[in-house]
Amino acid sequence: MEPLLRFDNVTKNYPNGVHALQGINLTVSEGEFISVIGPSGSGKSTLLRAINALIPISGGAVLLDGQKVSDQHGQNLRALRRKVGMIFQNYNLVYSLSVLQNVLHGRLGYMPGVKGILGLYSEEDKRQALDLLEELGLQDFAYNRASDLSGGQKQRVGIARAIMQQPKLLLCDEPIASLDPSSAKTIMDLLRSMTAKRNIACLVNLHQLDVALQYSTRIIGLSKGRIVFDGPPSALTEDVIERIYGTSRENLMMGGNAHDRTDSADCA
């Protein structure tokens, strides 16, 4: 059976000479919850952004649901991107709009241009959005401006918006990096439960090793653009951790290495 996602010898070289991805081979199946770990500059964000062509790859092939991503353009690429929800570290909400309107943006990929611009969502879409907000404990904030929410609440809106796409794959780029530990736990619990309930595959970039170990069915460890580990959390030994991060587990703090905290884009 064809996997949901496949990387075949994927490379990405940036104009500044950085080799962000080097010969990446991996597959992702429906329902997996995978954490991608590694230090700043290891290629985590590049890996995620290559999946739905937010960045072009330099070599190899990325196949999503059996389709080669780099071959898709225009309407075909738009249709393929519907299958991929994204959750961002900085939330990427429209703060002048209500929480409900932000969640409904998850349906824009299914709407003709004019309807999308005018926000002419169906009653069914509105009902689904309200149901999602209730599932996430945000029903009382549906008509509040997104700007009025706390960080953890904003990220829950981001989850609702992504789930509204009815994706097959959810990409989460440092979804808890801006949150306090309590809010971070809430977000990780919701990501795991909501994707498992819907059999959505989930790829989560994390600096927090302890979080990856706790939540993942599988961990991918990147170092300098290469996969140096791909397996269950139970197989992540001290030696492997040192190979990924270049330091011992004892030196890794809750937020990752001290120098990782400066990493906002992880462009390499």
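Shown above is the structure to which this text applies.
Residues numbered from 1 in each chain as written. Predicted model: local features only at pLDDT ≥ 70, side-chain atom pairs only at ≥ 80, totals over all residues. Heavy atoms only, no water.

**Q** Could you give an account of the sheet that holds strand 5 (residues 67–68), with specific residues and numbers?
**A** Sheet strands pair via backbone hydrogen bonds, and the direction of the pair is either parallel or antiparallel. Sheet architecture is open: 4 strands sit in the order 2-1-4-5, paired in antiparallel fashion. Both edges of this open sheet fall to strand 2 (19–28) and strand 5, since each of them pairs with a single strand only. (Pairing = 2+ DSSP bridges. Helix = DSSP H or I, 4+ residues; strand = E, 2+ residues; numbered from the N terminus.)

**Q** Summarise the nonpolar core; cite the residues concerned and give the values.
**A** Nonpolar side chains tend toward joint burial in soluble globular proteins. Among the nonpolar cores identified, the biggest contains 51 residues, and Ile 37, Ile 159, Leu 170, Ile 176, Met 188, Leu 191 and Leu 236 are the most heavily contacted of them. Excluding its chain neighbours within four sequence positions, the residues that come into contact with Ile 176 are Ala 184, Ile 187, Met 188, Leu 206, Gln 208 and Val 211. By size, the runner-up hydrophobic cluster in this structure holds 28 residues, among which are Phe 7, Val 10, Ile 51 and Leu 171. (Core = buried A, V, L, I, M, F, W, Y, C linked by side-chain atoms within 4.5 Å. Buried < 20%, exposed > 50% of the residue type's maximum accessible area, 1.4 Å probe, protein only. Contact = heavy atoms within 4.5 Å.)

**Q** Talk me through the pattern of salt bridges; I want residue IDs and the actual numbers.
**A** Following the criterion strictly, the structure yields 13 salt bridges and no others. Among the salt bridges present, the one from Lys 126 reaches Glu 123, with a minimum N-O distance of 3.4 Å. Within this pair, Lys 126 and its partner Glu 123 are both found in helix 5 (residues 123–135), separated by 3 residues, close to a single helical turn. The class for Lys 126 is partly exposed, based on a relative accessible area of 30%. Look at Glu 123 and you get exposed, because its relative accessible area is 59%. Sharing partners across several salt bridges, the network here consists of Glu 32, Arg 218 and Asp 230. (Salt bridge = Lys/Arg side-chain N within 4 Å of Asp/Glu carboxyl O.)

Bear in mind that shape data such as this cannot, by itself, settle questions of function.
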